[in-house]
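# Analysis of the macromolecular model
Okay, here's what each chain looks like letter by letter:
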Protein chains: 2
Amino acid sequence: MSKALPKRSENYSEWYNEIVKRADLAENSAVRGCMVIKPYGFAIWEKMQRALDDMFKATGHQNAYFPLFVPKSFLEKEEEHAEGFAKECAVVTHYRLKDNPDGGLMVDPNAKLEEELIIRPTSEAVIWNTYRNWIQSWRDLPLLINQWCNIVRWEMRTRLFLRTAEFLWQEGHTAHATEAEAIEETERMLGVYATFAEKWIGLPVLQGVKSPNERFAGALETYCIEAMMQDGKALQAGTSHFLGQNFAKAFDVKFVNKENQQEYAWATSWGVSTRLMGALIMAHSDDQGLVLPPKLAPIQVVIIPIYRNPEDLAAITARVMPLLDELRAAGVSVKFDDNDSQRSGWKFAEYELKGVPVRLAIGTRDLENGTVEVARRDTLSKESRPFDGISSYIVGLLDDIQENIFQRALAFREENTHSVDTWEQFKEQIERGGFILAHWDGTAETEEKIKEETKATIRCIPLNATEEAGSCVYTGNPSNKRVVFARAY
Amino acid sequence: MSKALPKRSENYSEWYNEIVKRADLAENSAVRGCMVIKPYGFAIWEKMQRALDDMFKATGHQNAYFPLFVPKSFLEKEEEHAEGFAKECAVVTHYRLKDNPDGGLMVDPNAKLEEELIIRPTSEAVIWNTYRNWIQSWRDLPLLINQWCNIVRWEMRTRLFLRTAEFLWQEGHTAHATEAEAIEETERMLGVYATFAEKWIGLPVLQGVKSPNERFAGALETYCIEAMMQDGKALQAGTSHFLGQNFAKAFDVKFVNKENQQEYAWATSWGVSTRLMGALIMAHSDDQGLVLPPKLAPIQVVIIPIYRNPEDLAAITARVMPLLDELRAAGVSVKFDDNDSQRSGWKFAEYELKGVPVRLAIGTRDLENGTVEVARRDTLSKESRPFDGISSYIVGLLDDIQENIFQRALAFREENTHSVDTWEQFKEQIERGGFILAHWDGTAETEEKIKEETKATIRCIPLNATEEAGSCVYTGNPSNKRVVFARAY
């Protein structure tokens, strides 16, 4: 607590790491690339889970659970999928340890698996193998299933929440009788993600589709939501894939349609992960620490008594108790921090660091005056307000803060989004960060060259892009809409 | 649906398997010993999770998440623990696949891990290694953390829910400043489990401690809740371990106590798993299928319209709609099954099979008479009741059913619990199943011999056992209380 946080403007990367650490969100574990999500960080993730889960259920999905292990032969069945994930797989080869004659334990060579098991890097393979037995007729469709679980992808360069070898996520896997229904589902879930990002995280997102280069391995189309972080870099916050009949064909999932003919089922999959924690942190936080959207804050309001002696504390406590009840009755998560072992100045800094949206401070003077000091975390402003009626004021204030941090992030994105028409401008602009709207000739080759020269990738082709005749910023070849370029996490 | 279920009395094991399958709770996956938990089964598990999680939080615990992987060297650190789990470990040895020249994929021999990673069979090692950095002072204690996650133990003989290679569970891991506080916590969480089992699952349990033979590997004392299934066998439904300072010593977790001295922290761990699903199924179900306690039923009430033509259905629907609203407002999960493609007889059987606690049937005659047919799943009884006021009747009925299935299971346990004083009686009684209360001389050797001769194990030494002078049922040596013997799952 003693040392100040690094400033965003000076060392963005270090600023991020320090917030994750000092706000008690997560830490690196002793296992390479795997994180420990600490209670305060996990409480935020739980709130995300609950909100998303409610939205999934409201759109007709049910949860289920499939095995952690994917037999190697399953992964091989869809070729592109296999290629996409083969290089980052944790592989189980044995099922027993035994005493090492030199002490300790060793892998028992007699307990080698006949077929290696991959820790799921995603579950299309194991789930579509299961769906073969669940889908016989159009009456079994649509099959709308979601799973909350852990995932392992052996990334070489990891970063807390943003890219870790093990992470937590949800993965929806749906099967449909027609192509149109599957595409509709893919788009519906993208919409759910966009709504969650904007209404809960306060994170404005672009909705779009990926270029073929950036598609999920095995998908015909990958939809995504893309957000801008405060360093101007893009972060892919969620994806929704239209898988066509690829997995149905790979795993032989056929159904009898209404015309009494055998047909392969149409698939989607969609996921968001603990990466959203990284997005939340980087989108809103400031040089004082974490800034949490009220809807996801484990503690929405903290009340700190300012007192010199036990009598003062008793008087303040008596005043505060009914307020705690009122706030809790209104569904507000509130903490009264009367811990005597820390000074109030320390507490102020600590709750700022942890992003608690509203802080109330109340001292003996306030008791006399019938006032309370209200501080907002998002603006760091404070004011003295009448104690009477404060609970309804706070309920409204939490909504204001939720809206304000969204609007602030939106304004930031708008300020840092530029339409660019020449390659010189593109190269200059990309150095300043932000999103670039530019024409692209639609070829993988051009995309690759732009990436090589500038480290910028096509984040998405926005769903709401307007048709506009233009020429590719790199090749000059014709193009009919602008796509979004940025450097990305 | 066509074939009747096997009868409990004829083939208990097959009856269990068929209920799991036909009620759509779970199925075996293509991965040896791993199950797929299907949506209906998972919905029950989610209700268990929610209730338990609320109880953990109400007793001051917070959730967190620790890595899936345990480095082999961590597992080795606590010797008994290592021995207990070494023989059933899934081991990750490589982190990459590559193209096989013969087609498909193969493990990349260049991607061998320096140190093997074990898929967590339980997380004491990885968590206590983390706690070393979290605990410095008595002010950091108690540390009360829980984790919901998947676990892998490479069991050779598996059974859906009861014993699977991968399962879902929660594991609490707490650290305390004193031995007394740690024991208090161990007992508190056993109490939480007992309350959950009895009030939510409707499962009467004995609370006790395990004999040293049956202790968790690394524990000083293992507390457990033990339940009786309908075949008279025992099922361990949850355990709570007092770990002493074993893990603190193995991972060097010291704190400065109030006397300013370095001391090792005191530990507990406690867990319940998807095994509880097996307990739920086997405790209450009957020859018609699953019987669910209302508090854990995904659908508590199903309403089935009995009609011959669309006009009848419309009239019934109009009558039923306000009832659906009333029930939902009262917190009841209700489904109106107006699916036209299945006959009502089929529906009756299907919801019976799935254990829906209350079924309402309403036909045109009922509309005329202002009645509705109410069927209870637990007793399979039905009666015609006035439609007016039916929602409050149902709310009370659900409570009655919850209580009734508990009382029925309790009566069954009482009927099948016998005090036995001679070895001859013991051998006869154990063949008839149930719990045997018998004196035991307290030695591992006697326990082992009894197990060899009868397959009965000591399920627990009940916490509430009365002091009573006696002689060991096997050796005749003195004993001061009776312990519980049974054959077990």
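Residues numbered from 1 in each chain as written. Chains lettered and ligands numbered in written order. Predicted model: local features only at pLDDT ≥ 70, side-chain atom pairs only at ≥ 80, totals over all residues.

With that settled, consider the relation of the copies chain B and chain A. Its rotation angle being 180°, the transformation that places chain B on chain A also includes 0.0 Å of axial translation and leaves an RMSD of 0.0 Å. Taken together, the rotation and translation describe the operation of a two-fold axis. In terms of C-alpha distance to the rotation axis, chain B has V92 of chain B as its closest residue, with the C-alpha 2.1 Å off the axis. Looking at chain B, 100% of its interface residues are interface residues in chain A too, so the copies touch through the same face. (Least-squares fit on C-alpha atoms with pLDDT ≥ 70 in both. Contact = placed C-beta atoms within 7 Å.)

It is worth spelling out the sheet that holds strand 27 (residues 482-486) of chain B at this point. Residues and elements named next belong to chain B. Within the open sheet, the 11 strands sit side by side as 3-9-10-16-13-12-11-24-27-23-22. Their pairing is mixed. At either end of the open sheet lies a strand with only one pairing partner, and these are strand 3 (62-63) and strand 22 (417-419). Pairing geometry for strand 11 (residues 206-209) and strand 24 (residues 457-462), over two bridges, is antiparallel. Residue G208 lies in a different strand from strand 24, and its bridge partner there is P462. (Pairing = 2+ DSSP bridges. Helix = DSSP H or I, 4+ residues; strand = E, 2+ residues; numbered from the N terminus.)

All names here are of chain A. Within the fold, V291 resides in the loop between helix 8 (275-284) and strand 17 (301-306). The exposure class of V291 is buried, given the 26 C-beta atoms found within 10 Å. In sequence terms V291 and I405 are 114 residues apart; their C-alpha atoms lie 8.8 Å from each other. Leave out the neighbours within four places in its chain, and V291 touches H284, S285, D286, G355, R377, D378 and I405. (Buried ≥ 20, exposed ≤ 12 C-beta atoms within 10 Å, placed from the backbone.)

So, on to helix 9 (residues 310-329) of chain A. Residues and elements named next belong to chain A. Between the first and last C-alpha of helix 9 there are 28 Å, a value that for 20 residues agrees with the 28 Å anticipated at 1.5 Å per step. Among all positions in helix 9, only I316, V320, L323 and L327 are buried. With its phi angle positive at about 80°, G331 sits one or two positions after the end of helix 9. (Expected span 1.5 Å × (residues − 1).)

It is common to give the size of an interface as the accessible area that goes away when the parts come together. Residues and elements named next belong to chain A. Domains assigned within chain A are domain 1 (12-284), domain 2 (294-412) and domain 3 (417-486). For domain 1 and domain 2, the distance between their C-alpha centroids amounts to 38 Å. With 18 residues of domain 1 at the interface, the matching set in domain 2 holds 12 residues. Secondary structure elements with two or more residues in the side of domain 1 that touches domain 2: helix 2 (39-58), helix 6 (179-201) and helix 8. For the side of domain 1 that touches domain 2, the element with the highest residue contribution is helix 2, accounting for five residues. For the side of domain 1 that touches domain 2, a count of residues per class yields 12 nonpolar, three polar and three charged. (Domains from an automatic or database assignment. Nonpolar A, V, L, I, M, F, W, Y, C, P; charged D, E, K, R; others polar.)

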